Amino acid sequence: MNAANSGSDMPAWLVIERVVRSHWSLSARGERDAGAVLLALWADDRRDLGEGFLLRAAYLGASRLRVIELALDEAAPAFPSLVEIYPGAVRMECAVRDVLGVQADSADSRAWLRHAGWPVDYLPLRHDADRSARFAAQAEDYAFVRVEGDGVHEIAVGPVHAGTIEPGHFRFSVVGEKVLRLEQRLGYVHKGIEQRFSQMDLQQGQRLAARVSGDTAVAYSWAYCMALEQLCGTRVPARAQQLRAVLLERERIANHLGDLGALGNDAGFGFGLTQFSLLKERLLRANAEVYGARYPMDGIVPGGVATNLSSQQIERLREQGMVLEAAVVELRAIYDEHAGVQDRFVTTGRMSPELAQRLGVVGLAARASGSPRDLRSDLALAPYAGLGVQAAGSAQGDVAARVAVRFDEVIESLRLCDLLLQDLAGGAIHAELGAAAAQQLGIGLVEGWRGPVMIALEATVDGRIRRCHPHDPSWQNWPALEHAIIGNIVPDFPLINKSFNLSYSGQDL
Amino acid sequence: MLDILKRIARTGIVSEPQLKLADLLSERDTLHAEIAGILGRALAIRQVDAGSCNGCELEINALNNPIYNIEGAGIRFVASPRHADLLLVTGPVAKNMEIALKRTYDATPEPKYVVAVGDCGCTGGIFGESYASCGRVSNVIPVDAEVSGCPPAPTAILRGILSALASPRR
Ligand code: SF4
């Protein structure tokens, strides 16, 4: 193994290694045995550099991210599948095949992102793919797995759903009301994000990153900027780092409030929805006052943040935090004591710690199933280092546990916001970016509200994006939902689904 | 139970001290009244995410909160296009959603209205057109009104719904 990247600004938590083919699976096994999760798998067309294709896997351990690189032959870019070691690899392996024609030796042969929207020989992330190509949509026949047996029937829903949620297809095999199997079909909102990145300059990329999954805009923006600042060797001012964290925690709070209300509602407790949606609305209205946008999607920019806070605004946010905390504590007691709600939450949609570990589940869902990993405490990057972040945790793995983790995290985020706002450093909120090192890998890693969000970025010599791969924790957690529903009844699916609340756009790209 | 009642009593008719909220509520009431006036009955909406980043969905969901209270105005979201008067469509239309969107449109009974929500729905937004994106909603189905913003605020979406209803029929 040799170091593929010797950039002087490579952070201590990041390791990048290039391996020979025989070590690709070996290193995966080593990572698995050390308890790391396979966070992302992606590839890059480097034929223009005379390097064929480059495949990368990112393994997230307790305190570092290791990126393993494997060079693939230009003429026959095939690689050993990791599915035996990491079952969660399958969809990512299908995705690299769909976008680059880089093939795992045992991948599921069904198209995952492609559907029938464009022909199989159009490989959008190859540099020679015609950027102006347009194709007529075709209806598609997807081979869902059939469950045979007495009294088994199928229920198909989607891609357009009954409520205001993203599109995807769910195929249930049921006996009576009981779910035997769920198969998901995603990829409907694939809109060519990765190809789009490679048509942008480095500065513009932040706006697109923020729109990979709109509910996680701040985390993606931050991850993108972190990757870019690594390549540029930029030192982001302390105040800007703190203001970034305030934005990130407010994003987490907003999403958790929304989910807590919706989960109450799905359990037949409309009161919860009314109360939590009001709290969320107030938070958004304060955002509009302070940041000029209810959703400050572009609040984080390369080099720092877009908006400084005045002392009145700081007071306004702190005051709101206090009011919010009191309300959330009160509502939590009401949820905890409501027999009907608890009856629907407890034991429903259970994912055991063993299963969560085997599937490589990450983020909030993992924390509710016994794995207290949280990048804010594990990596403790600026400005989180001195804040003593408490990762939430439960080992129950049911809907109730995912609700409890959200409550704990709202309270913790409110504490962090207050601490940050109380102790803001003075000085600049923005630093100028120098030139980005070309053809080097920059990695941004941020604990978004669902879990770890990663951006892998490479620049061209003339300051454009060569390759940007965004990774959403939903890749890991969608397959977990297929397992968590087994043995539950169909009418509980909306509740269980909401308790994970995964991103479609973030995984469809 | 007592806790719940206390909390309801305190929430009351949602009140925030700022004047801005009063303005917003009066605008909302005007919009509600106008929408009801045009249709003369409840309005049934089917939301279709045709490729959004999910940001627009957050603001469409906010329409249900007690501040925007669209149910109070007789607007409801329905589970089937067959029961819908209006389609609220977000996103650049993903190629993989093109057929599903057309089918939803065809299944909606006449007279039907379509509102494209968000910069993406209006122009294709940051995603534009590509092998995987058909761009703006009107590239795929006829659109009566467009609501810009990324994402647009709930009141802007209400205004868009109103302007679609008030638009001359195709
Ligand atoms: S308009 Fe903005 S928020 Fe809406 S789908 Fe497009 S990028 Fe997302």
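What you see is a predicted model; the values in this text were computed from it and never measured.

Colleague: Honestly, the overall build of chain B in this entry has me stumped. Any pointers?
Modeller: The helix and strand inventory of chain B stands at six helices and seven strands. Along chain B, from the amino end to the carboxyl end, the secondary structure elements read α-α-β-α-β-β-α-β-α-β-β-β-α. Buried residues in chain B amount to 60% of all 170 residues. Intrachain contacts of chain B at a sequence separation of at least 6 include 81% that bridge at least 24 residues. For chain B, the accessible surface area stands at approximately 6800 Å², while carbon and sulfur atoms represent 55% of it.

Colleague: Can you walk me through the environment of A:Ser109 in this structure?
Modeller: Its location among the elements puts A:Ser109 in the loop between strand 7 (103-104) and strand 8 (152-157). For the pair A:Ser109 and A:Cys94, spaced 15 residues apart in sequence, the C-alpha separation works out to 7.5 Å.

Colleague: What am I meant to see in the site of the ligand here?
Modeller: Lining the immediate environment of the ligand, one finds A:Arg211, B:Ser52, B:Cys53, B:Gly55, B:Cys56, B:Gly118, B:Asp119, B:Cys120, B:Gly149, B:Cys150 and B:Pro151. Of all the elements in the fold, those that place two or more residues in the shell around the ligand are helix 3 (55-62) and helix 5 (118-123) of chain B. Looking at the shell around the ligand, its residues break down into five nonpolar, four polar and two charged.

Colleague: Whenever I open this one, the domain arrangement of chain A confuses me. Can you help?
Modeller: Much of the literature gives interface size as the accessible area that the parts lose upon coming together. Residue and element names in this part refer to chain A. Here chain A is described as being made up of domain 1 (14-143) and domain 2 (193-425 + 438-500). When each unit is reduced to the centre of its C-alpha atoms, the spacing between domain 1 and domain 2 is 26 Å. Of the residues lining the interface, 36 residues belong to domain 1; the matching set on domain 2 comes to 30 residues. Summed over both partners, the interface of domain 1 with domain 2 comes to about 2700 Å²; 60% of that surface belongs to carbon and sulfur atoms.

Colleague: Would you take a moment to explain the packing of aromatic side chains for this structure?
Modeller: Residue and element names in this part refer to chain A. Under the criterion given, the structure shown has 18 aromatic pairs over all chains. The interplanar angle of 80 degrees and the centroid separation of 4.9 Å between the aromatic rings of phenylalanine 172 and phenylalanine 493 together place this pair among those described as edge-to-face. One end of the pair, phenylalanine 172, is in strand 9 (residues 169-175); the other, phenylalanine 493, is in helix 15 (residues 493-500), with 321 residues separating them in the sequence. When its relative accessible area of 3% is taken as the criterion, phenylalanine 172 is described as buried. Given the relative accessible area of 7%, phenylalanine 493 is considered buried. Considering the side-chain rings of tyrosine 335 and phenylalanine 407, the 5.8 Å spacing of their centres and the 85 degrees angle between planes classify their relative orientation as edge-to-face. Pair noted here: tyrosine 335 is in helix 8 (residues 311-337) and phenylalanine 407 is in helix 13 (residues 399-422), with a separation of 72 residues, a long-range link. You can call tyrosine 335 buried: its relative accessible area is 1%.

Colleague: Would you take a moment to explain helix 6 (residues 238-266) of chain A for this structure?
Modeller: Along an α-helix, a turn takes 3.6 residues, which lines up residues three or four apart on a common side. Residue and element names in this part refer to chain A. Over its 29 residues, helix 6 runs 42 Å from end to end, which matches the ideal 42 Å to within 8%, given 1.5 Å per residue. Counted residue by residue, helix 6 has 25 buried out of 29 residues, so it is predominantly covered. Just downstream of helix 6 lies glycine 268, where phi reads positive at about 85 degrees.

Colleague: What is the right way to look at the packing of helix 6 of chain A against helix 7 (residues 270-291) of chain A in this model?
Modeller: The relative placement of two packed helices is expressed as an angle between their axes plus a distance between the axes. Residue and element names in this part refer to chain A. Running from N to C, helix 6 and helix 7 cross one another at 160 degrees; their axes reach a closest spacing of 7 Å. As the angle between them shows, helix 6 and helix 7 are arranged roughly antiparallel. Between helix 6 and helix 7 lies a crossing of left-handed hand. From helix 6, Val246, Leu247, Arg250, Ile253, Ala254, Leu257, Gly258, Leu260, Gly261, Ala262 and Asn265 reach across to helix 7, where they touch Gly270, Gly272, Leu273, Phe276, Leu279, Lys280, Leu283, Ala286, Asn287 and Tyr291. Of the residues that constitute the contact of helix 6 with helix 7, the class distribution is 13 nonpolar, six polar and two charged.

Colleague: What is the right way to read the pattern of salt bridges from this model?
Modeller: Oppositely charged side chains may form a pair once their charged atoms are brought near each other. All names here are of chain A. The full count for this structure, using the stated rule, is 45 salt bridges over all chains. The salt bridge partner of arginine 46 is glutamate 458, with a shortest N-O separation of 3.0 Å. With arginine 46 in the loop between strand 3 (37-45) and strand 4 (53-60) and glutamate 458 in strand 14 (residues 452-459), the pair connects residues that are 412 residues apart, well separated along the chain. Assigned by exposure class, arginine 46 and glutamate 458 land together as buried. Put simply, Arg18, Asp44, Arg46, Glu51, Arg56, Glu69 and Glu458 are held in one network by salt bridges that share partners.

Colleague: It is not clear to me how unusual backbone geometry should be interpreted in this structure. Could you clarify?
Modeller: Among all residues except glycine, the phi angle is most often negative; among peptide bonds, the trans geometry is most common. In this structure, the amide linkage connecting B:Glu110 to the following residue, B:Pro111, adopts the cis form with an omega of -5 degrees. Within the secondary structure, B:Pro111 is located in the loop between helix 4 (98-107) and strand 4 (113-117). Note that the residue after B:Cys150, namely B:Pro151, is joined by a cis bond; omega there is -15 degrees. Inspection of the secondary structure assignment puts B:Pro151 in the loop between strand 7 (145-147) and helix 6 (154-166). Unlike most non-glycine residues, A:Asn501 shows phi in positive territory, near 40 degrees. Within the secondary structure, A:Asn501 sits in the loop between helix 15 and helix 16 (505-508).

Each value, and the rule that gives it
Residues numbered from 1 in each chain as written. Chains lettered and ligands numbered in written order. Predicted model: local features only at pLDDT ≥ 70, side-chain atom pairs only at ≥ 80, totals over all residues. Heavy atoms only, no water. Helix = DSSP H or I, 4+ residues; strand = E, 2+ residues; numbered from the N terminus. Buried < 20%, exposed > 50% of the residue type's maximum accessible area, 1.4 Å probe, protein only. Contact = heavy atoms within 4.5 Å. Areas by Shrake-Rupley, 256 points an atom, 1.4 Å probe, with all protein chains shown as cover. Near = heavy atom within 4 Å. Nonpolar A, V, L, I, M, F, W, Y, C, P; charged D, E, K, R; others polar. Domains from an automatic or database assignment. Buried area = accessible area lost by both parts, 1.4 Å probe. Phe/Tyr/Trp six-rings, centres within 6.5 Å; stacked < 30°, edge-to-face > 60°. Expected span 1.5 Å × (residues − 1). Axes fitted to C-alpha atoms, helices over the stretch in contact; angles between N-to-C directions. Parallel < 35°, antiparallel > 145°, perpendicular 65-115°, else oblique. Left-handed = near helix turned anticlockwise from the far one by under 90°. Salt bridge = Lys/Arg side-chain N within 4 Å of Asp/Glu carboxyl O.

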